[in-house]
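Summary of the model geometry
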Amino acid sequence: MKAFVQMETDLRLESSLWVENRRCAAVLTGWHFKWTEVDKRSRDKSTVSVPVAEVVGVEEGKVEVLPHKTVEDTDKDFTVFYVKRSSSTGSCGLLWRLGRTQFSCPSRVLRDQWIKNLRIAVKTHTPLRPHRLLVFINPFGGKKQARQIFHSLVAPLFELAGISSHVIVTERANQARDHLLKKDLTGFDGVVCVGGDGMFSEVLHGAIGRTQQEAGTCENDPGVTLQPCPLHIGIIPAGSTDCVCYATVGVIDPVTSALHIIIVHHGFALVRYSVSLLGYGFYGDVLVESEKHRWMGPLRYDYSGSMVYLSNRSYTGTVQYLPADPLLSSPRDNTRCLSGCSVCSRSTERLFPNSSDSGSLYSSYSGHFHNDLEGEWVTVEGRFKCVSLTCMSSSCARSPLGLSPSAHLADGTGDLVLVWDTNPLSFLKFLYRHTSTEDQFDLPFVEVHRVKAVRFCMAGDTKEEEIRGLSAETDIEAGGHVRSGSRNGSQQHLAEKATGTVTTSVEKTVTPFTWCLCCKKPSAVSVWNCDGEILPFTDISCKIHGQLVRLYARGIEDKAAIHHCSQERDTCNMTCMIGKSLP
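A few points on the structure. Note that the coordinates shown come from a computational prediction; the quantities given were computed from them, not determined experimentally.

Section: helix α3 (residues 175-182)
Of all 8 residues making up α3, 6 are buried, and the element is well covered by its neighbours. Taken together, the buried positions of α3 are occupied by Gln-175, Ala-176, Asp-178, His-179, Leu-180 and Leu-181. Taken together, the buried residues of α3 touch β11 (132-137), β12 (164-169), β13 (190-195) and α4 (197-215).

Some remarks on α4
Look at α4: 27 Å from first C-alpha to last across 19 residues, which is about the 27 Å you get at 1.5 Å a residue. Of all 19 residues that make up α4, 14 are buried, and the element is covered over most of its length.

Focus on unusual backbone geometry
A cis amide bond, omega 5°, links Leu-66 with the succeeding residue Pro-67. Along the chain, Pro-67 turns up in the loop between β7 (62-64) and β8 (70-72). The backbone of Asn-174 sits at a positive phi, close to 70°, despite the residue not being glycine. Note on placement: Asn-174 falls in the loop between β12 and α3. Residue Asn-174 is classed as partly exposed on the basis of its relative accessible area of 30%. Positive phi is not limited to glycine here, since Asp-531 has a value of about 55°. Take Asp-531: it is sitting in the loop between β23 (528-530) and β24 (533-535). A relative accessible area of 4% means that Asp-531 is categorised as buried.

Quick word on the packing of helix α7 (residues 282-291) against helix α8 (residues 299-311)
When two helices pack together, their arrangement is captured by the angle between the axes and the distance separating the axes. The contact between α7 and α8 brings their axes to 8 Å, and the two run at 125°. Relative to α8, the element α7 is oriented oblique. Along this stretch, α7 crosses α8, giving a crossing that reads as right-handed. Facing α7, whose interface residues are Phe-282, Asp-285, Val-286, Glu-289 and Ser-290, α8 presents Arg-300, Tyr-301, Ser-304, Gly-305, Val-308 and Tyr-309.

Some details on the environment of Ser-16
By the element assignment, Ser-16 lies in strand β2 (residues 11-19). With 19 residues separating them in the primary sequence, Ser-16 and Trp-35 have C-alpha atoms 8.9 Å apart. At 3.5 Å, the side chain of Ser-16 and the side chain of Arg-23 are in polar contact.

Overview of the nonpolar core
Counting 42 residues, the largest nonpolar core has Phe-282, Val-319, Val-387, Leu-416 and Phe-430 as its most contacted members. Looking at which element gives the most residues to this core, the answer is strand β18 (residues 378-390), with 6 residues. The next biggest cluster of nonpolar side chains, apart from the first, holds 38 residues, and it includes Leu-134, Phe-188, Val-249 and Val-343.

Comments concerning the packing of aromatic side chains
Under the defined criterion, the tally for this structure stands at 16 aromatic pairs. Pairing Phe-33 with Trp-114 gives two aromatic rings, centres 5.5 Å apart and planes at 50°, and the pair type is tilted. Placement of Phe-33 in strand β4 (residues 32-37) and of Trp-114 in helix α1 (residues 108-125) is noted, with a sequence separation of 81 residues between them. Centre to centre, the rings of Tyr-280 and Tyr-315 are 5.8 Å apart; their planes meet at 65°, and the pair counts as edge-to-face. Placement of Tyr-280 in strand β16 (residues 278-281) and of Tyr-315 in strand β17 (residues 315-323) is noted, with a sequence separation of 35 residues between them. Taken together, Phe-33, Trp-35, Phe-78, Tyr-82, Phe-103 and Trp-114 form an aromatic cluster joined through their ring pairs. Across the ring face of Phe-188, the terminal group of Arg-132 is positioned such that the distance to the ring centre comes to 4.2 Å. The ring centre of Phe-427 lies 5.4 Å from the NZ or CZ of Lys-385, which sits over that ring.

With respect to the pattern of salt bridges
Following the criterion strictly, the structure yields 18 salt bridges and no others. For Glu-37, the salt bridge goes to Arg-22, with nearest N and O atoms at 3.5 Å. Of the two residues, Glu-37 is situated in strand β4 and Arg-22 in strand β3 (residues 22-29); the sequence distance between them amounts to 15 residues. Between Glu-159 and Lys-69 there is a salt bridge; the shortest N-O distance is 3.8 Å. With Glu-159 in helix α2 (residues 146-160) and Lys-69 in the loop between β7 and β8, this residue pair connects regions lying 90 residues apart in the sequence. Looking at Glu-159, the relative accessible area reads 54%, which means it is exposed.

Conventions we followed
Residues numbered from 1 in each chain as written. Predicted model: local features only at pLDDT ≥ 70, side-chain atom pairs only at ≥ 80, totals over all residues. Heavy atoms only, no water. Buried < 20%, exposed > 50% of the residue type's maximum accessible area, 1.4 Å probe, protein only. Helix = DSSP H or I, 4+ residues; strand = E, 2+ residues; numbered from the N terminus. Contact = heavy atoms within 4.5 Å. Expected span 1.5 Å × (residues − 1). Axes fitted to C-alpha atoms, helices over the stretch in contact; angles between N-to-C directions. Parallel < 35°, antiparallel > 145°, perpendicular 65-115°, else oblique. Left-handed = near helix turned anticlockwise from the far one by under 90°. Polar contact = N/O pair within 3.5 Å; in protein donor to acceptor, adjacent residues only side chain to side chain. Core = buried A, V, L, I, M, F, W, Y, C linked by side-chain atoms within 4.5 Å. Phe/Tyr/Trp six-rings, centres within 6.5 Å; stacked < 30°, edge-to-face > 60°. Lys NZ or Arg CZ within 6 Å of the ring centre and 35° of its normal. Salt bridge = Lys/Arg side-chain N within 4 Å of Asp/Glu carboxyl O.

Shown next, in the form of structure tokens:
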């Protein structure tokens with residue numbers, strides 16, 4: 001029997017262990033834990049290699065955690081739990097599962113040695129793994145299973161990883177936000193919300209609001225520079241849509257999200273105040289209609305979307321936007337924001353040019369947006385089916401590519417999508433393309449811009465009292481001509497800017513607009529849908545604050561890249577074995 005420890009080099013521990021009565025050569029280095037079956041006669045000996053950073057926990061004896069915890073205490077056995085990846089049908093990301101392997105040692109001394117060194121290795125290479133989390137559970141969201149999801153699937157994983165949780169089951173709206181704004185948060189490494197996008201929005205606003213309070217920053221000042229939040233935020237999906245979770249992890253799966261929270265220790269995806277969608281027109285109307293049918297559960301969104309579509313509404317408005325640098329990225333460049341995204345990495349250097357580590361982000365953040373918002377604003381006016389701004393792809397299970405497939409999480413920009421008034425069949429084509437791989441922007445009545453800031457107001461001289469009176473529906477004369485901005489005109493602005501010529505307003509005439517028969521009294525104004533919450537006013541000003549919040553998520557992993565790496569590793573192992581067998 002060979003066993004030795006060599007702490008001063010990369011090699012930590014090596015010995016023979018048994019896995020299901022098969023003898024294996026096990027090696028623990030500083031970065032990986034590997035075991036290879038040695039009694040197999042075939043040259044094609046499989047090796048299992050687990051990164052130390054992805055080891056969730058090490059337990060004495062034969063232990064099972066999910067679906068129920070069982071422990072068989074034996075003197076010579078130990079169990080290693082780690083992350084295993086698998087493809088997910090219908091999702092763009094990978095499912096993370098709790099891998100589990102039981103090892104048997106020839107002696108208890110050797111077993112204790114393995115447990116000790118494995119735990120030391122995990123602690124050494126994951127110094128930022130959370131130790132104490134504040135957990136908010138929304139028992140009313142989605143299918144009302146958030147409490148069961150946490151206690152049956154998430155809590156056992158946290159316990160296995162040595163993470164303690166202070167759990168609060170919310171009883172009213174904005175309870176989580178108020179708690180974060182007012183209560184003592186000392187000792188917590190992060191906040192976890194178990195619920196949907198609305199619950200995440202609560203936690204987001206509470207965490208950012210608390211940071212601004214402590215920094216003495218006035219959130220109501222539209223020109224102020226907001227300070228980044230030091231608390232990480234984790235999401236356990238238990239809502240109706242779970243758009244934020246899908247866009248940051250790639251799948252809607254509580255176990256995957258819990259494992260992201262546990263093992264993520266380097267790199268982070270980041271979000272802004274409006275996390276997934278700020279939408280006016282169609283998206284706002286769907287939300288208002290769905291609130292009338294909450295008794296239907298998640299089906300209310302399908303029903304409400306159909307009713308609003310049949311209403312065939314459009315709204316006049318003036319949109320102003322500050323374009324981002326088109327040389328850095330474009331919403332039509334067909335890139336995807338995946339784990340290790342190069343666009344977001346370069347943006348971090350641009351957003352924080354004087355920072356060398358995460359601890360200096362606060363000082364380097366100050367004053368950035370004052371200069372970054374300088375530039376020529378573009379103004380377009382007309383009648384829109386919908387106006388939306390998203391700081392991420394906003395993908396979900398029903399829309400795998402999202403509202404803007406090439407949007408990036410942490411580049412300090414957002415994608416502004418303008419859908420001009422058009423006939424119902426054309427608008428249906430636009431909506432349908434969200435569920436397929438077709439380009440939803442490749443339509444004559446749709447345009448998309450990468451922006452740093454957006455303003456929206458009612459077109460014309462509408463009084464403030466009329467804008468706020470959203471409950472009073474106003475009749476609009478059917479038919480007639482409306483003024484609208486040109487897609488080509490807005491794109492032309494970007495080209496003319498380089499030559500010093502600026503176009504601030506462009507007009508065109510569209511075909512007469514006809515109301516659908518089922519919409520007898522259309523409202524003159526819509527509302528804003530802000531991450532599933534209604535903003536009951538029309539005029540709005542938006543500024544993208546890049547990298548305000550750290551999220552417990554590694555990002556969507558590229559299936560093709562992981563498959564390629566796996567093939568290369570298998571080829572390398574085969575080459576090494578052939579080389580060793582040569583005389």
